[in-house]
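Summary of structural features
Listed below, chain by chain, are the residues.
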Amino acid sequence: MIITEPGIYDIPEADYHRDPVPGGSLSASTAKRLLAEGGPARYRYLLDHPEEPSGTMELGTAAHKLVLGVGAPIVEIQAENWRKDATKEAAAKARAAGGVPLLTADVQVVHEMAAALRKRKTAVALLNPSRGDPERSVFWIDQASGLWKRARFDFMPRREAGRLPVIVDYKTCASAGKRDFPRSVDSFGYHIQAAQYCDAWRAIHGTDPGFVFLAQETKPPYLTAYYQLDAESLAIGRQAMADAMETWRDCRAAEAQGAEHAWPGYSDEIETIALPRWSRAREDYYA
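A brief structural summary. One numbering rule holds for all chains: residues counted from 1, following each sequence as written. Only residues with pLDDT of at least 70 get local features here, since the model is predicted, and only at 80 or more are side-chain atom pairs given and counted; chain-wide, interface and lining totals rely on the full set of residues. Think of the side-chain values as coming from all heavy atoms in the structure, minus any hydrogens and water.

**Observations regarding the overall build of the chain**
Cut-off, in case you're wondering: Per the convention used, a helix needs a DSSP run of H or I reaching at least four residues, while a strand needs a run of E reaching at least two, with both numbered from the N terminus. Between two residues, a contact is recorded if the distance between any of their heavy atoms is within 4.5 Å. Method for areas: the Shrake-Rupley scheme with a 1.4 Å probe, in which residue coverage is limited to the protein chains shown. Charge assignment: positive for Lys and Arg, negative for Asp and Glu; neither His nor the chain ends contribute. Charge coordinates come from a single atom per side chain, which is NZ of Lys, CZ of Arg, CG of Asp or CD of Glu.
A count of helices and strands for the chain gives 11 helices and 8 strands. The dimensions of the chain, computed from C-alpha atoms along their principal axes, are 60 × 55 × 45 Å. Sequence-distant contacts in the chain: of pairs separated by 6 or more residues, those separated by 24 or more amount to 69%. With the model as given, the accessible surface of the chain reaches about 17100 Å², and the carbon-plus-sulfur share is 52%. A gap of 7 Å separates the mean positions of the 35 positive and 39 negative side-chain charges of the chain.

**Here we look at the packing of helix 4 (residues 55–68) against helix 6 (residues 104–117)**
Each packed pair of helices is defined by two parameters, the angle between the axes and the distance between the axes. The line we're drawing: Lines fitted to C-alpha atoms define the axes here, with helix axes fitted over just the stretch in contact, and angles between the N-to-C directions of these axes take values from 0 to 180 degrees. Reported orientations rely on four angle classes, namely roughly parallel under 35 degrees, roughly antiparallel over 145, roughly perpendicular from 65 to 115, and oblique for the rest. Rotating anticlockwise by less than a right angle from the far helix to the near helix defines a left-handed crossing, while the corresponding clockwise rotation defines a right-handed one. Side-chain classes follow a simple rule in which Ala, Val, Leu, Ile, Met, Phe, Trp, Tyr, Cys and Pro form the nonpolar group, Asp, Glu, Lys and Arg form the charged group, and the remainder, Gly included, forms the polar group.
One way to put it is that helix 4 packs onto helix 6 with a least axis distance of 9 Å and a crossing angle of 45°. Put simply, helix 4 runs oblique to helix 6. The crossing of helix 4 and helix 6 is right-handed. In this structure, helix 4 uses L59, A62, A63, L66 and V67 to contact helix 6, whose residues at the interface are D106, V109, V110, H111, M113, A114 and L117. Split into classes, the residues belonging to the contact of helix 4 with helix 6 amount to 10 nonpolar, 1 polar and 1 charged.

**Observations regarding the environment of A259**
Keep this limit in mind: Type-normalised accessible area, obtained with a 1.4 Å probe on protein chains alone, sets the label of each residue: buried when under 20%, exposed when over 50%, and partly exposed for intermediate values.
Take A259: it is sitting in the loop between helix 10 (231–256) and helix 11 (277–286). For A259, a relative accessible area of 37% corresponds to the partly exposed category. On a C-alpha basis, the gap between A259 and L102 in space is 43 Å, while along the polypeptide they are 157 residues apart.

Right, dumping it as structure tokens:
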């Protein structure tokens, strides 16, 4: 698949992640990797050496499949753990075939999560299939830089007269509590993703949408919570996206020119560091 025109597309997730835009497009996932520890160097390495998804990631992917009704098939691996080679081989085979391998116990967990979510009125209203579509991909050209960008929505609302469109992003988490979930937003760069999705909507429709995180815990009773980011957090996410876009553009240009360190990592300079504040406070306490 090749995409040369901005718009909303109903395409398989694998095609989206392969990036069907000739010359490449910048996603929020790419931006987060460029801004993470190790920066462009680690991002470039992972392009050629992709990491195997963790159990937590695959459980989240499977929950998305059951909650949204779209996604890779869940493949049950009938085992208690991943220790045996045969079990690992079965998981690798499932992934190679485009499936999501889960241990028997985890298959039960994701089904219980989906069942619990369907009992929550707010969740049902946010994911109402008469008002939107799951797993839609948006491709557009950033007007400021001229670079292509892309985003894949968990749930894209349809435009309705007199109604604010609300983008829903489903997140599985250890804790959906109001003190804990903001830490997840910071740790996993969800604010960058939220800014990217809002910008995608505006690029296509010319209006600003609403945006809600639907957070669900992965332990019984599989509680749910609903959050929107304040304006400052979205602005921080948007600035981070802009910084990543500039880095991505410069690194690609340097690579095209044959630069030796087109995708830099840590600084080559010798820098002074200090113990973190919590560690120094602890040492003062025991002094």
